[in-house]
Amino acid sequence: MIVAMQEAATDEQIQQVVEHLIRMGFSVHRTTGARQTVLAAVGARVDFDTRNLEVLAGVQEVHRISAPYKLAGRSFRPQGTVIEFANGLQVGGEQVVVMAGPCSVESREQLFTIAEQISKAGARVLRGGAFKPRTSPYSFQGLGLEALKLLREAADRFDMLVISEVMEISQIAMMVPYVDILQVGARNMQNFNLLRELGKIKKPVLLKRGIAATLEELLLSAEYIMSGGNYEVILCERGIRTFETYTRNTLDISAIPIVHKLSHLPMASDPSHGTGLRDKVPPMARASVAAGADVLLIEVHHDPDRALSDGAQSLYPDQFSQLMGELRMIAPAVGRKL
Ligand code: PEP
Ligand code: MN
């Protein structure tokens, strides 16, 4: 951490800042230039709030140099994290992995119809909500355990893995036997008790960015899971809330290369929730792959007009297949396979 003192700072003020840093466990290196004094504070503390220094008399500015997250940071594993599944699928490697399926599991017929078509088109993981975080308590809330069983059966039948959202701690044990990846939704990104529990299990977690979360906050949430011992975390950009109202959210594609720079964890993009509009999903999916996404999460429904949730952003199976064809051309241009 670098603390630049004001030009007018007195020796006494500088001394007070030095003593404060030492009390906090830092070792301090002082450089006095022609005009101002700069203090370099070196120490292992990652939880230090720089504002505590900014308010001290004589301080001009404070810059943190090391990231507040350690396990999620790129330097922890500079070569990148590759998550490997029992069927050989790798997330974070050369292959771009497409996870697709309906927003919610609605019925056996619905799920099997969609699963068959997306698997033919090349999806490797079947998505589907069993527990739904709906904005209104009167909207469809999901089929629960029945949906988990259907997801497992459909994924096994069509040679895919399963991802589904966990909303609360009590659902973890129920979900683990049925799913291969647990999704933490945008609304739960900072449900720290849930994140801690997910740190104790041996199952990959896909952690979505909250609608108003900074990337640093996303990485700190990943740190919660990792600090419990579960290092298999996939991060996901799913759109953030901005002043733009045309789309449901604003898909922050720059989050993909930024996370790749800051972290070793695989990065997913969800253009379905990121735009909320079916016709905007393919272009943003293509852009995500071009920007280096390791995973795409895409909602597909065979009868979206009758979907119980997120029909407007769900692709028809034919559109999904066409998109997969386009992605197969884009991926090699950026050194990936699909
Ligand atoms: C979902 O994937 O269906 C979902 C509810 O996602 P999010 O948490 O991004 O809104
Ligand atoms: Mn959805």
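These numbers come from a predicted model, not from an experiment. (Residues numbered from 1 in each chain as written. Chains lettered and ligands numbered in written order. Predicted model: local features only at pLDDT ≥ 70, side-chain atom pairs only at ≥ 80, totals over all residues. Heavy atoms only, no water.)

## Points about the site of ligand 1
Taken together, 13 residues sit near ligand 1, with R127, A186, R187, K208 and R238 positioned nearest. With respect to ligand 1, the side chain of Q183 contributes an N or O atom lying 2.9 Å from an oxygen atom. One of the side-chain N or O atoms of H273 is found 3.2 Å from an oxygen atom in ligand 1. For ligand 1, whose free accessible area comes to 300 Å², the fraction covered by protein is 97%. Its atoms largely coinciding with the cavity grid, ligand 1 occupies the largest pocket. Considering only residue class, the shell around ligand 1 consists of three nonpolar, three polar and seven charged. (Near = heavy atom within 4 Å. Polar contact = N/O pair within 3.5 Å; in protein donor to acceptor, adjacent residues only side chain to side chain. Areas by Shrake-Rupley, 256 points an atom, 1.4 Å probe, with all protein chains shown as cover. 1 Å grid on protein atoms, 1.4 Å probe; cavity = no way out; pocket = protein on both sides within 12 Å on 5 of 7 lines; lining within 4 Å. Sits in = over half its atoms within 2 Å of the grid points. Nonpolar A, V, L, I, M, F, W, Y, C, P; charged D, E, K, R; others polar.)

## Observations concerning the nonpolar core
I118, L126, L198, L207, L235, I298 and F320 are the most contacted members of the largest nonpolar core, which totals 68 residues. Ignoring anything within four residues of it in the chain, the contact list for I118 reads A100, G101, A123, L126, M160, V300 and F320. Formed by 16 residues, the second largest nonpolar core is a distinct cluster that contains I181, L206, A268 and L297. (Core = buried A, V, L, I, M, F, W, Y, C linked by side-chain atoms within 4.5 Å. Buried < 20%, exposed > 50% of the residue type's maximum accessible area, 1.4 Å probe, protein only. Contact = heavy atoms within 4.5 Å.)

## Focus: the sheet that holds strand β3 (residues 37-42)
Judged by pairing direction, the sheet is antiparallel, and its four strands sit side by side in the order β2-β3-β1-β4 without closing on themselves. Strand pairing shows two members of the sheet lacking a second neighbour, β2 (27-32) and β4 (59-63), which therefore form its edges. Recorded for the sheet is a direction-independent mean angle of 20 degrees between the axes of neighbouring strands. Across three bridges, strand β1 (residues 2-5) lies against β3 in antiparallel orientation. Its bridge partner being in β3, V3 is matched across the sheet by L39. (Pairing = 2+ DSSP bridges. Helix = DSSP H or I, 4+ residues; strand = E, 2+ residues; numbered from the N terminus. Axes fitted to C-alpha atoms, helices over the stretch in contact; angles between N-to-C directions.)

## Quick look at unusual backbone geometry
At D159, a position not held by glycine, the phi torsion is positive, near 60 degrees. For D159, the position within the fold is in the loop between α4 (145-157) and β9 (161-165). Despite not being glycine, D310 has its phi angle at roughly 55 degrees, a positive value. For D310, the location among the structural elements is in the loop between β14 (295-299) and α11 (317-333).

## Points about empty space enclosed by the protein
According to the stated counting rule, one finds one cavity of 30 Å³ or more in the structure shown. Within this model, the largest cavity holds a volume of roughly 30 Å³. Taken together, R127, G128, G129, K132, I163, S164, E165 and Q183 form the lining of the largest cavity. For the lining of the largest cavity, the element with the highest residue contribution is β9, accounting for three residues. Looking at the lining of the largest cavity, its residues break down into one nonpolar, four polar and three charged. (Points joined across faces, edges and corners; volume = space filled by probe spheres on them.)

## What about the pattern of salt bridges?
Tallied over the entire structure, the rule returns 19 salt bridges. For R152, the salt bridge goes to D156, with nearest N and O atoms at 3.0 Å. Of the two residues, R152 and D156 are both situated in helix α4; the distance of four residues between them amounts to about one turn of the helix. Across the pair K200 and E197 runs a salt bridge, and its minimum N-O distance is 2.8 Å. (Salt bridge = Lys/Arg side-chain N within 4 Å of Asp/Glu carboxyl O.)

## Things to note about the side chain of R278
Summarising the element assignment, R278 is placed in the loop between α9 (271-275) and α10 (281-290). Here the side chain of R278 touches G311 through a polar contact of 2.9 Å, landing on its backbone oxygen. Each residue touching R278, except ones within four places of it in the same chain, is listed here: P304, D305, G311, A312, Q313, S314, L315, Y316 and Q319.

## Considering the domain arrangement of the protein
Assigned domains within the protein: domain 1 (2-66) and domain 2 (83-334). Taken over C-alpha atoms, the centre of domain 1 sits 43 Å from the centre of domain 2. (Domains from an automatic or database assignment.)

## Comments concerning the side chain of S221
For S221, the position within the fold is in helix α7 (residues 215-227). Among the residues examined, S221 registers a relative accessible area of 1% and is labelled buried. At 2.9 Å, the side chain of S221 forms a polar contact with the backbone oxygen of M189. In contact with S221, other than residues within four places in its own chain, are M189, Q190, F192, L195 and L207.

## Quick word on the layout of surface pockets
Volume-wise, the largest pocket comes out at about 230 Å³. Along the wall of the largest pocket there are 20 residues; nearest its centre are P133, R187, R248, H273 and D310. Within the lining of the largest pocket, the residues separate by chemical class into three nonpolar, seven polar and ten charged.

## Some words on the pairing of strand β7 (residues 97-101)
Most of β7 sits inside the fold, with five of its five residues counted as buried. Taken together, the five bridges between β7 and β14 define a ladder with parallel strand orientation. Residue M99 lies in a different strand from β14, and its bridge partner there is L297. Where β7 meets strand β8 (residues 125-127), two bridges bridge the pair, whose relative direction is parallel. Pairing of A100 across the sheet is with L126, part of β8.

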